[in-house]
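Inside the fold
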Amino acid sequence: NKGASENGLYSAVDTMDAGGSVYCLSRGGLYHYKFGGSVMEQLIDGNMNSLGAPACYPIALTMIDGQNLLVAANDTNATSGTGIAVYKYTYSADTPARPGKELKMYSLYDNKEIRQSITRFQKEHTDVYVNYQAALSEENGMTVSDALKTLTTEIMAGNGPDVLLLDGMPVETYIEKGVLKDLSALIKESGGSYFENILNAYQDAQGQMCAVPARFTIPMIQAGSAYFTPGEDFNAFTERKDTMVNMLPKNVVEKFWYTCGAAWQKEDKTLDETKITEFLTKLKNAYGEYDSSLEDVNTAAGVTTEGGGTERIKAINFFMGDLDLAYGRCNTNFGLYGNMDYGMQQAVNEKLEDGKMDLMPGQADHVFVPSMVMGISSKSAQPEMAEEFVKYLFSQEAQKVSQSGGFPVEKESFRSVIDGHQYEGKEDLVAVGGNDEGEVLDYAMEPTPEEEITKLTELVESLTTPALQDDVIKEAVVEQGEKVLKGEQSPEEGAAAIMQKVNIYLAE
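**Some details on the environment of glutamate 410**
With respect to the helices and strands, glutamate 410 occurs in the loop between strand 15 (407-408) and helix 15 (411-418). With 10 residues separating them along the chain, glutamate 410 and lysine 400 place their C-alpha atoms 8.8 Å apart. For glutamate 410, the contacting residues outside a window of four places in its chain are Gly192, Ser193, Tyr194, Phe394, Gln396 and Gln399. Within the local environment of glutamate 410, its side chain forms a polar contact with the backbone nitrogen of glutamate 412, the two atoms lying 3.3 Å apart.

Below is the structure:
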């Protein structure tokens, strides 16, 4: 029915009225259906409370009566050791179904950390409804270019969002055009201790910060010594053969876009065709001959995903390739590293015997990928509430929310995400990583050693170059780069096609 199709499968049900009606829970909230009727009634909007939070997975529902219910849920943010929580919901006639104040928020891709934070923010600000819209989904088929044109039109007309999640958007262009407010004073008020090198990714010469990353990922690589030496540059890495066995061309190009694209931009914001040609030439050399049977494989390295932001993030996530590396289907594993699984990393290194992890090589050095980049529209209809919400996103409470969307930029929150404190005092916990092939990699779930926390913290502090944020350019690079790696065109032809597409876009 409509409720299920719009809000996902029902996770828990209960009946009342001697079985005459049924109450159903889904991501969208609580629904009621009276048998024989034609309408599924929504009683609780999941967007307005913890029922719709990404970290909350309802597993049982008990209707006490028509106005009170209990929900048992697996909640990754619960304080209990098991992660199971029981929530009681009570009907209130005095509480409006939707608050009077509306804060509009927009992003290209859906973001779980944002959704989790919205749920918490609305608990403390019951008079505010955060209307969060993610433009791109597998269902609507909209392109990044179309979404950005629509967004620009709405902003210029004064109907745009109050808060912008700028991931994938032309951040620097928006800053130059005065679309975004300066957030420097607001961030100072947040009171945290931050990685300044990440926080100041878009700070201008006057100290203004019109776009600020709340999280970040790091392009990382893991491999044995035959295929990678820590600290080596892009030239040395791409001189080797067989470094990218069993990897889809599309995913390879996209991952290296992050460590190379930042080196292509000239002062006038146009791209350097020579650098792009060099990028495609060296990548093709390392990639070798394309194997068309890859399209049918089902390894993490070979899986291709289309459409929504979450699926695209999976395709370039570092941890998607760890089992393929451990069991020899791939010779290297690289991608965006945004959450630490120390036990798994060590298990893979031991399987390789001489495995090492380090920053991924590229034409740019010490690259990080700003993520959850926040901005407030200079034409916001709710500027004070927008500031309140963005300030909350940089608080320790919001920063400690972890849905694998990147490391927190606040230092104490960063440590809490990587230190494995949840395993403290729990002896003999073992995780089992595996796949359908029967391959299993066991590893101890233990607190992260202090020296490893220090090592990763120092690595983060060494990062100096923000990756280029503009998914229209990225899509052109991935589309043409894939053709080069498949042998359908030369690196020179690919670079020329990229330049043509990007120049048309930049002129718009």
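The structure having been displayed, the exposition proceeds.
**Some remarks on a nonpolar patch on the surface**
Together, Ile64, Leu70 and Val86 give the surface a local cluster of nonpolar side chains, amounting to about 260 Å² of exposed area. With respect to the secondary-structure elements, leucine 70 resides in strand 6 (residues 68-75).

**A word on the sheet that holds strand 1 (residues 12-16)**
The antiparallel open sheet is built from four strands, whose spatial order is 1-2-3-4. Two strands close off the open sheet at either side, each with one partner strand: strand 1 and strand 4 (40-45). Put simply, the sheet's adjacent strands are angled 20 degrees from each other on average, direction ignored. Sheet topology places strand 2 (residues 21-26) next to strand 3 (residues 29-34); six bridges connect them, and they run antiparallel. Looking across to strand 3, one finds that cysteine 24 is bridged to tyrosine 31.

**Regarding the pattern of salt bridges**
Under the definition given, this model contains 15 salt bridges. The partner of lysine 269 in a salt bridge is glutamate 176, with the nearest N and O atoms 3.7 Å apart. Residue lysine 269 is found in the loop between helix 8 (249-260) and helix 9 (273-287), and its partner glutamate 176 is found in helix 4 (residues 171-176); the two are separated by 93 residues along the sequence. A relative accessible area of 55% places glutamate 176 in the exposed class. Notably, a salt bridge pairs glutamate 479 with lysine 501, separated by 2.8 Å at the nearest N-O pair. In this pair, glutamate 479 sits in helix 17 (residues 471-485) while lysine 501 sits in helix 18 (residues 491-507), placing the two residues 22 residues apart along the sequence.

**Points about the environment of valine 171**
Structurally, valine 171 can be placed in helix 4. Put simply, valine 171 and cysteine 210 are 39 residues apart on the chain and 9.1 Å apart in space, counted from C-alpha to C-alpha. In this view, valine 171 contacts Leu166, Tyr202, Ala211 and Gln469; residues no more than four positions away in its chain are not counted.

**Quick notes on the packing of helix 3 (residues 144-156) against helix 17**
Direction vectors running N to C along helix 3 and helix 17 enclose 165 degrees, while the axes themselves pass 9 Å from each other. On the basis of their axis angle, the class for helix 3 and helix 17 is roughly antiparallel. Relative to helix 17, helix 3 is oriented so that their crossing is left-handed. From helix 3, Val144, Ser145 and Leu148 reach across to helix 17, where they touch Asp471, Val472 and Glu475.

**Some remarks on the packing of aromatic side chains**
Applying the stated rule across the entire model yields 20 aromatic pairs. Measuring from ring centre to ring centre gives 5.9 Å for tryptophan 257 and tryptophan 264, while their planes differ by 70 degrees; the resulting arrangement is edge-to-face. Considered together, tryptophan 257 and tryptophan 264 belong to a single accessibility category, that of buried residues. Connected via pairs of aromatic rings, a cluster forms that spans Phe228, Phe234, Phe237, Phe256, Trp257, Trp264, Phe279 and Phe334.

**Concerning helix 13 (residues 383-393)**
All of the buried residues in helix 13 are Met385, Ala386, Phe389, Val390, Tyr392 and Leu393. Viewed along the axis of helix 13, the buried residues span an arc of 155 degrees, placing them on a single side of the element.

**Focus on helix 15**
Taken as a whole, helix 15 has its buried residues at Ser413, Phe414, Ser416, Val417 and Ile418. Its side-chain oxygen at 3.3 Å from the backbone nitrogen of glutamate 412, glutamate 410 defines the N-terminal cap of helix 15. Downstream of helix 15 by a residue or two, glycine 420 has a phi angle that is positive, lying close to 65 degrees.

**Comments concerning the nonpolar core**
Counting residues in hydrophobic clusters, the biggest one holds 119 residues, and the most contacted among them are Met244, Phe256, Phe279, Met374 and Phe394. For methionine 244, the contacting residues outside a window of four places in its chain are Phe237, Val252, Phe256, Leu283, Ala286, Tyr287 and Phe334. Grouped together as the second largest cluster of nonpolar side chains are 11 residues, Ala12, Tyr23, Met63 and Leu69 included.

Each value, and the rule that gives it
- Residues numbered from 1 in each chain as written.
- Predicted model: local features only at pLDDT ≥ 70, side-chain atom pairs only at ≥ 80, totals over all residues.
- Heavy atoms only, no water.
- Helix = DSSP H or I, 4+ residues; strand = E, 2+ residues; numbered from the N terminus.
- Contact = heavy atoms within 4.5 Å.
- Polar contact = N/O pair within 3.5 Å; in protein donor to acceptor, adjacent residues only side chain to side chain.
- Patch = residues over 30% accessible without salt bridge, like charges linked within 9 Å, V, L, I, M, F, W, Y side chains within 5 Å.
- Areas by Shrake-Rupley, 256 points an atom, 1.4 Å probe, with all protein chains shown as cover.
- Salt bridge = Lys/Arg side-chain N within 4 Å of Asp/Glu carboxyl O.
- Pairing = 2+ DSSP bridges.
- Axes fitted to C-alpha atoms, helices over the stretch in contact; angles between N-to-C directions.
- Buried < 20%, exposed > 50% of the residue type's maximum accessible area, 1.4 Å probe, protein only.
- Parallel < 35°, antiparallel > 145°, perpendicular 65-115°, else oblique.
- Left-handed = near helix turned anticlockwise from the far one by under 90°.
- Phe/Tyr/Trp six-rings, centres within 6.5 Å; stacked < 30°, edge-to-face > 60°.
- Arc of directions from axis to C-beta.
- Core = buried A, V, L, I, M, F, W, Y, C linked by side-chain atoms within 4.5 Å.

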